[in-house]
Structure formats: structure tokens, C-alpha cells
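Now for the letters of each chain:
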Amino acid sequence: MMSDSSRRIRMRVTGLLAGATLLTAAGCGTGAEGSTGSGGTEGGRPEITAAMYPLQWLAEQVGGSDATVTGLTKPGVEPHDLELSPQVVAGLESTSLVVYIKGVQPAVDEAVEQHAADRGFDAATMVTTLPAGQGQGHEEEGGHAGEPGDGHGDEAGDEHGDEHGVSYDPHLWLDPSRFATVATKLGEKLAAADPAHAQGYKDRAAKLSADLTALDKELASGLANCGSDAMVTSHEAFGYLANRYGLHQIGISVDPDAEPSPARLAEVSEVAKREKVTTIFTETLVSPKVAEVLAQEVGATTAVLDPIESQPATGDYLSAMRQNLTTLKAALSCS
Ligand SMILES: [Zn+2]
């Protein structure tokens, strides 16, 4: 198991590589367009910088061949702790639009504020957000494990808010209906910024919105009749999915990098037993060790649920969400 410090180092190196890529892209753009003003789109395709995979995928679908999309988070990297090199941060000065979600990646939030404040596209401002740590859809129960005292004497939401500077749950891409709204808004934004290709942006956004709406319907019908509604997850990424489809998330930790305290583990274990949970969900980018120990303790098995914070090994956002649906239906005994 990789230690936290080695993870951080790996991410720093990856951040530097991302910087090299971005600089190359910016260099090419300048060469092709001659001398362009800062952040301008005149004479060239809009250059979109996307903070993490789901947003990069969304921007690529909407931008199509009319825009260039560069991602700040490379495949296989857990995005929350991403660090940006000075070169990457400086590169934001010449990008047309930064698509991000405030609260996911503090380094990106800070860089946008300082270098692209007039070109930020914050998806969290496009939809109704859920309070951090309360996406379980069972708020009235109060005091259940979705609002843990995880050794800090704080609610999950407060801790998340303290760490990321926002009070809402930022994982909004895991609700396709909200993500469809973001697609439409991005189409409108790009159409206004690049009027010559406005129809293309709007058409692609409409197609993507329809695809996401179809996915939303599949999830709604697939999760309508389940034997259990309790999802025990590695980190609290699935609040929007839970809220949208009437499930109840019990996150082992809020931050994928944080080791849960023994008190928190005991609490989750107790809830898992009480709710007769048969599957503990692990993630592709988080060590499954804690989840495996917990599963053993409560007599459950583990299954991988992808929070799609990074590019899936195969397929894309849509296929990863459909795989999540298949996994959830099996784990929660949905008919
Ligand atoms: Zn997350």
C-alpha cells in the first residue's frame, strides 16, 4: 500500500508533466495564430482547460472540433490533492475558459482565482448543490453515520467545508441530470464566446444533454426497486447519486486521502450491520484495504464503484456510470 507521502510526490510529478503538456499546447496555439491577446478566441479555436476527467470529457463532447481541451488532472491521478506547477498556473493566463468545480481541487480553485478569475466556468454555480455530507436523502434521521463524528468532533460537512473552502458537496457529476444542465450551460457559454461556431456548440450540447438524460432514466428505473438502499463507500463521493435515486450513502471517509479514525470505522461497522449491508464499495484510486477489513468484520463482500474522478481504464463517463448501475443493482438486490 502506497503511503500518503509517496502519493503526494507522485501527484506532484504528474502535475509537472501536465504543465509541460499545457505549455506545449499553448505554444502551438500561439504559433498558429500569431500574437493573440490574453484569453482571446479571435483567430483561433477556444482553448479550454478542464480541471478533472468528468469535466474534460464534458468539454470535449461540447467543444467538438471547434475547441481544444486540455486536462489538468492526468489519467490515474486522484484529483482532490492535485498540485499545480508554477508553469501550469501561469498557463491559465492564456486559456479561454477554465472548466472546474470549486471545492474539488483547492489548487485549481486558487489558480483560477489568481490567474483566470474572468474566465472561470464553475459547474457548481450552474446547478443546485447539496450540502456536504448530507446527500443520503435521509436527512430526517439525524445523527446516522452519514454525519460522522470522525475523531475531529465535527460533522463531515464541516470538515469538508473547512478543507475545501465550500459548504456543499462538490461531486455533482455523479448525478447525470445535473451534469446535463452543466452541458447545456457550457454550450451556451462557448456559443457566446465563439459566435462563428455557435450552432455546433449548441447542437453538441443538446446531444450530450439527451445522452445524459437517457442515462438518468436508466439509473432511476434500475434503482427503483432494491432490497437495500444503503451504500457504504470508501469516500463520500456518491451523495448526488444517492440523493437522486433514493439511496443512502455511508462514507467511510470524506477525503479519499484521509485514514478514517477507529471511532469512525466502528460507527460505520455498526450501521453496516444494522442495515444488513452485503457489499462494501471500494474505488479504483483509493486503497481497498480499509474497506476490505470492514467487509470482513461485517460479513460483506467488496465491489468497485467508480466515482469517475479520473478517466476510466476503458470507456468513458457514460459507460462507467452504466457499470456503476450494474454493480449497484447486484449489490443492493435491485429487481
Ligand atoms: Zn471525491
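Caption draft 1: Structural view of the environment of Leu82. For Leu82, the position within the fold is in the loop between strand E2 (68-71) and helix H3 (86-91). When the C-alpha atoms of Leu82 and Met52 are compared, they prove to be 9.6 Å apart, with 30 residues separating the residues in sequence.

Caption draft 2: Here's a closer look at the coordination of the zinc ion. Bound to the zinc ion on the protein side are His80 (NE2), His171 (NE2), His235 (NE2) and Glu309 (OE), at distances that span 1.9 to 2.1 Å. For the zinc ion, the 4 donor atoms are set out with angles of 98 to 119° between them, so the coordination reads as tetrahedral. One chain supplies every donor to the zinc ion, and in sequence these donors are spaced H-x90-H-x63-H-x73-E. Of the two residues, His235 sits in strand E5 (residues 230-235) while Glu309 sits in the loop between strand E8 (301-304) and helix H11 (317-331), which places them 74 residues apart along the sequence. Assigned by exposure class, His235 and Glu309 land together as buried.

Caption draft 3: Summary view of the pairing of strand E1 (residues 47-50). The side-chain alternation of E1 yields two buried faces, one formed by Glu47 and Thr49 and the other by Ile48 and Ala50. Since E1 and E2 lie parallel, the crossover through helix H2 (residues 53-63) that links them has a hand, and here it is right-handed. Across 3 bridges, the pairing between E1 and strand E3 (residues 97-100) is parallel. Looking across to E3, one finds that Thr49 is bridged to Val98.

Caption draft 4: Focus on the environment of Ala331. As for its placement among the helices and strands, Ala331 is situated in helix H11. Of the residues examined, Ala331 reaches a relative accessible area of 9% and is grouped as buried. Along the sequence, Ala331 and Thr279 sit 52 residues apart, while their C-alpha atoms lie 5.8 Å from each other. Residues within four places of Ala331 in sequence aside, it is in contact with Thr278, Thr279 and Phe281.

Caption draft 5: Quick look at the pattern of salt bridges. Tallied over the entire structure, the rule returns 10 salt bridges. Here Arg178 ties to Asp175 by a salt bridge, and the two come within 2.7 Å at their closest N and O atoms. Among the ionic contacts, a cluster of salt bridges with common partners joins Asp175, Arg178, Asp216 and Arg244.

Caption draft 6: Fine view of the pairing of strand E7 (residues 279-282). Burial along E7 is two-sided: the face carrying Thr279 and Phe281 and the face carrying Ile280 and Thr282 are both buried. Direction of pairing for E7 relative to E8: parallel, over a ladder of 4 bridges. For Thr282, the partnering residue across the bridge sits in E8 and is Val304. With helix H10 (residues 289-298) bridging E7 and the parallel E8, this β-α-β connection has right-handed handedness.

Caption draft 7: Focus on the packing of aromatic side chains. Counted according to the given criterion, the structure contains 2 aromatic pairs. With centroids separated by 5.1 Å and ring planes inclined at 45°, the aromatic side chains of Phe179 and Tyr317 adopt a geometry described as tilted. Of this pair, Phe179 sits in helix H6 (residues 176-193) while Tyr317 sits in helix H11, placing them 138 residues apart in sequence. Each member of the pair, Phe179 as well as Tyr317, is classed as buried.

Caption draft 8: Broad picture of H6. Here H6 is 18 residues long and its end C-alpha atoms lie 25 Å apart, about the 26 Å a rise of 1.5 Å per residue gives. Listed as buried for H6 are Pro176, Ser177, Arg178, Phe179, Ala180, Val182, Ala183, Leu186, Gly187, Leu190 and Ala191.

Caption draft 9: View of helix H9 (residues 262-274). Between its terminal C-alpha atoms H9 stretches 18 Å, which fits the 18 Å expected from 13 residues at 1.5 Å a residue. If you check which residues of H9 are buried, you get Arg264, Val268, Ser269, Val271 and Ala272. The arc that holds every buried residue of H9, seen down its axis, measures 165°, which confines them to one face. Against E5, strand E6 (248-253) and H10 lie the buried residues of H9. Once H9 finishes, Lys276 follows within two positions and takes phi at roughly 50°, a positive value.

Caption draft 10: The arrangement of the sheet that holds strand E4 (residues 120-122) in detail. Taken in spatial order, the 4 strands of this open sheet run E2-E1-E3-E4, and their pairing is parallel. Two strands bound the open sheet, and with one partner strand each, they are E2 and E4. Across this sheet, the average inter-strand angle for adjacent strands is 25°, counted without regard to direction.

Caption draft 11: Highlighting the side chain of Asp194. Mapped onto the fold, Asp194 is located in the loop between H6 and helix H7 (198-222). One buried charged side chain, Asp194, makes no salt bridge at all; its nearest oppositely charged neighbour is Arg204, positioned 7.2 Å away. A distance of 2.6 Å separates a polar atom in the side chain of Asp194 from a polar atom in the side chain of Tyr201. What Asp194 contacts, discounting residues up to four positions off in sequence, is Pro46, Asp66 and Tyr201.

Caption draft 12: Main features of the confidence of the model for the chain. Considering every residue of the chain, the mean pLDDT works out to 82; 78% of them sit at 70 or more. Considering only residues more than four positions removed or in separate chains, one finds that residues 1-42, a stretch of pLDDT under 50, has 56 contacts. Taken as a whole, residues 135-163 scores under 50 in pLDDT and shows 61 contacts with residues more than four places along the chain or in a different chain.

What counts and what doesn't
- Residues numbered from 1 in each chain as written.
- Predicted model: local features only at pLDDT ≥ 70, side-chain atom pairs only at ≥ 80, totals over all residues.
- Heavy atoms only, no water.
- Helix = DSSP H or I, 4+ residues; strand = E, 2+ residues; numbered from the N terminus.
- Donors = N, O, S within 2.8 Å, 3.2 Å for Na, K, Ca; no water.
- Tetrahedral: all angles 85-135°; square planar, octahedral: opposite > 155°, others 65-115°.
- Buried < 20%, exposed > 50% of the residue type's maximum accessible area, 1.4 Å probe, protein only.
- Right-handed = clockwise from strand over helix to strand, strands pointing away.
- Pairing = 2+ DSSP bridges.
- Contact = heavy atoms within 4.5 Å.
- Salt bridge = Lys/Arg side-chain N within 4 Å of Asp/Glu carboxyl O.
- Phe/Tyr/Trp six-rings, centres within 6.5 Å; stacked < 30°, edge-to-face > 60°.
- Expected span 1.5 Å × (residues − 1).
- Arc of directions from axis to C-beta.
- Axes fitted to C-alpha atoms, helices over the stretch in contact; angles between N-to-C directions.
- Lys, Arg positive; Asp, Glu negative; His and termini not counted.
- Polar contact = N/O pair within 3.5 Å; in protein donor to acceptor, adjacent residues only side chain to side chain.
- pLDDT = per-residue confidence, 0-100.

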